[in-house]
Each structure stands twice: as structure tokens, then as C-alpha cells.
Amino acid sequence: MKILVTGGAGFIGSNFVYLMLDKHPDYKIVCLDALTYAGNLETLEEAMKNPNFTFVKGDIADRECVFDLFEKENFDIVVNFAAESHVDRSIETPEIFLKTNIMGTQVLMDASKKYGVKRYHQVSTDEVYGDLPLERTDLFFTEETPIHTSSPYSASKAAADLLVLAYHRTYGLPVTISRCSNNYGPYHFPEKLIPLMIANALNDKNLPVYGDGLNVRDWLYVEDHCSAIDLIIHDGKVGEVYNIGGHNEKTNIDVVRIIIKQLGKSEDLITYVKDRAGHDRRYAIDPAKIHAQLGWLPSTDFETGIKKTINWYLDNKPWWEKIISGEYQQYYDRMYTNN
Ligand code: NAD
Ligand code: TYD
């Protein structure tokens, strides 16, 4: 079995590469990644030592590069993680989100169609469903919830999802889609809430909480997301969408307080800053379908997962210190000063 993993130098894609090399030692894994600001080859250093793993630098929206690779490799399965993934950046510069997330998906599917890929899997997000009101704790996103996006990021992911379903219906491309809630764990880029708060707290820097801090996210340990995708690409039904989540809803301020406590820091570091434009209030996944049809359940609860994550950031300081001292610093200064 030969699998193309796009975006494998990023957070979730790299965790998926490691899970697959470990669980399926007879599979060949090829990673295609453009190494944008969010891609990091150091993350794949261990994978590079495995003869079943190959890294290719390239853009999923580059038709010639993608078609050449498909021609050469004859993939059985394609799993598309490659994306621009940060909501705040999509508010600043939407265009690249449309190019990578929509056009890139189309190029990958055209190649999958031409070269007879047996399964094209699109890694999507619960953000395509928009948000839920805070007070309606009885409501959850199911696969039937209408698409209703808020940010350029979520709109680009939703557009890609619709295109994926259209390629299935129109051309018979054997597709599946997964829509997961917020992930956390090793190799998470420190622009996102959890790794940003860990890095800032360790450096005794302010912890910027948007708005009132009461927005709710449904957190899933990254390995659980990856194991769900492994199940879907093998046993999932073609043409279907699967929601992935672990019923672990927390307000942002609670997450920040948990991190502060674990690190023995002071709550005085918390700084309320200007809210994100169009900020989604609450995400909450109903994972009943993937549980009933594929038997998937998360195996790491938040208490265990956040400890593992914090320990990973403590043990791997060079990995994130390099990031926050580079180009990312300019982004940070632009986003968070004058708030
Ligand atoms: P990330 O930003 O950490 O990584 C994205 C990777 O894609 C990087 O390695 C980057 O170099 C690569 N990439 C970007 N543009 C590319 C292009 N044009 N061609 C090739 N490679 C390109 O993102 P992530 O958090 O790992 O998210 C991975 C996927 O999972 C995304 O599709 C995202 O929408 C989805 N998702 C993320 C979350 C989350 O909580 N992080 C939750 C649900 C779904
Ligand atoms: P984020 O990690 O960007 O993921 P998403 O927007 O895709 O859910 O943000 C998670 C939540 O944390 C979101 O409600 C925005 C909030 N947030 C802050 O309060 N401060 C920050 O510095 C960041 C990056 C996010």
C-alpha cells in the first residue's frame, strides 16, 4: 500500500505520518509539503530515517508537480492535510487560503482521478458548520448540520468539501471527508491557542485571551484524530462525511488557567485583548456516527493529553524556540501589539 500524505510537515500531518509508519510497517508513505511558514522538516527528522518514508517538497496547487508525482508513485490512497490553517491569518490575507485550500484540493483530486487512486481522503474541520450558541449546550454538530461558515479559513475548507463531494457524484471519485474539532499535542505550531499559551507562560510573557475568553472549543488529542483517519481510509464508506470529536468542550479561559496551573505560573499573566473579527462562539462535535459505524472512540482524555502536551513542549524547547525567534516573531508583533 502506498499513501500520499500532503501537509505532513505540519502539526496533524506529521503526527499522522508517525502513526502510520508505526501501525503499518509494510506501507510506503510519501509526504508532499510546500514547507510554508507552518511546515518544518525538523519535525520529520525521525521519519526520514525510515526507508518506507519519502519527503517531496512541492505545492499541492502546482499541477505539473502533482501530476509528475502521481505518475511516478502510483498511489493507492491520498490523505490531504495540506492547508493554510490559521483563522487569524485568513482574516489578514484570505487569498492564499483560497489558492491552497480550494485550488490545491482540486489539483489533487484531478490527479487522483487520472491515476486511479482507490481512496481520496479530505481532512476537513468542524469550523465548516459555523458556531453554536453558548447557552444551547444541548446542540452539537452532526454530519447533517448545514454548512454555515464564519471566517475566510472555514469558507475555504467548506468550499473544498463541496468540491470533494461533487467529484464523487460527478466523476465517481472514491472520496471520504472527516471533520474534526480542535486538536492539540506535539508539533502544534505556537500561533494556535494551546502551544502559544505554553510558550508564552514558559517565557513569562502575557497570555493574550481574545474577547471575554468564554468562547468554547472541543479539544481532541492529535493521536486520536490520526487514528480516526486511519480507520476511515480503511473501513469508511465512500462518499461519506465523518465528524471526529471527543466531547471535551472547554472555554478558552479555562484552558489557559489549566496551562498556568500545570506550569506553576501566575494568573496575572492573563491579558484580555481585542476580540477576533467574526469570532465563532462555540464548537461541539457529535461523534455518534464514527463511533457506531467504525467503532472509533478517543483514547486520551484532556487531563492526560494536556499533561503530555506540556511535557512535550518542555522536552522539545529547541523545536519551538527556533520558530518563535524567526519570521513568526514579526507576525506576533503585528497581531498582538496595540491590543
Ligand atoms: P498546519 O498549519 O500545522 O500544517 C499545514 C501543513 O501544510 C504545513 O506543513 C504546510 O507547509 C503545508 N502546506 C500549506 N500549504 C501547502 C501547499 N500549498 N502545498 C503543500 N503543502 C502545503 O495545519 P494542521 O493544524 O496540521 O492542519 C492540518 C489539516 O487539518 C488542515 O487541512 C486543517 O484544515 C485540518 N484541521 C485542523 C485542525 C486543528 O485543530 N489544527 C482541526 C480540524 C481540521
Ligand atoms: P485557535 O487555536 O486559533 O483555533 P480556532 O480558531 O481554529 O478554534 O484558537 C482557539 C480559540 O482560542 C479561539 O476561540 C480563539 C482563541 N485564542 C485566544 O484567545 N488567544 C490567542 O492568542 C489565540 C491564538 C486564540
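Just so it is clear, the structure is predicted and the values come from calculations on it, not from any experiment.

The 3 strands are arranged β7-β9-β11 in an open sheet whose pairing can be described as mixed. If you trace the sheet from one side to the other, it starts and ends with β7 (182–184) and β11 (249–251), each paired once. In this sheet, adjacent strand axes meet at a mean angle of 50° when their direction is disregarded. Pairing geometry for strand β9 (residues 216–221) and β11, over 3 bridges, is antiparallel. Looking across to β11, one finds that R217 is bridged to K250.

Below, the discussion takes up the packing of helix α9 (residues 252–263) against helix α11 (residues 302–315). Their axes nearest at 11 Å, the elements α9 and α11 cross at an angle of 55°. Relative to α11, the element α9 is oriented oblique. Judged by the twist between their axes, the crossing of α9 over α11 is right-handed. Contacts between α9 and α11 involve V255, I258, I259, Q262 and L263 on the former and, on the latter, F302, I306, K307, I310 and L314. Each residue belonging to the contact of α9 with α11 can be placed in one class, and the counts come to 8 nonpolar, 1 polar and 1 charged.

Quick look at the side chain of E73 now. Along the chain, the position of E73 falls in helix α3 (residues 63–73). Within the local environment of E73, its side chain forms a polar contact with the side chain of K2, the two groups lying 2.5 Å apart. If sequence neighbours within four positions are ignored, E73 has contacts with K2 and V30.

Next up on the list: the site of ligand 1. In the vicinity of ligand 1 there are 28 residues, among which I12, D33, S85, Y153 and K157 approach most closely. I12 is positioned with one of its backbone polar atoms (N or O) 2.7 Å from an oxygen atom of ligand 1. In the model, a nitrogen atom of ligand 1 is placed 3.1 Å from a nitrogen or oxygen of the T100 side chain. For ligand 1, the accessible surface in isolation is 840 Å², of which the surrounding protein chains cover 96%. Counting only elements with at least two residues in the shell around ligand 1, the list comes to α1 (11–23), β5 (119–125), α6 (152–171) and β7. In terms of residue class, the shell around ligand 1 is built from 13 nonpolar, 12 polar and 3 charged.

Definitions and limits used
Residues numbered from 1 in each chain as written. Chains lettered and ligands numbered in written order. Predicted model: local features only at pLDDT ≥ 70, side-chain atom pairs only at ≥ 80, totals over all residues. Heavy atoms only, no water. Pairing = 2+ DSSP bridges. Helix = DSSP H or I, 4+ residues; strand = E, 2+ residues; numbered from the N terminus. Axes fitted to C-alpha atoms, helices over the stretch in contact; angles between N-to-C directions. Parallel < 35°, antiparallel > 145°, perpendicular 65-115°, else oblique. Left-handed = near helix turned anticlockwise from the far one by under 90°. Contact = heavy atoms within 4.5 Å. Nonpolar A, V, L, I, M, F, W, Y, C, P; charged D, E, K, R; others polar. Polar contact = N/O pair within 3.5 Å; in protein donor to acceptor, adjacent residues only side chain to side chain. Near = heavy atom within 4 Å. Areas by Shrake-Rupley, 256 points an atom, 1.4 Å probe, with all protein chains shown as cover.

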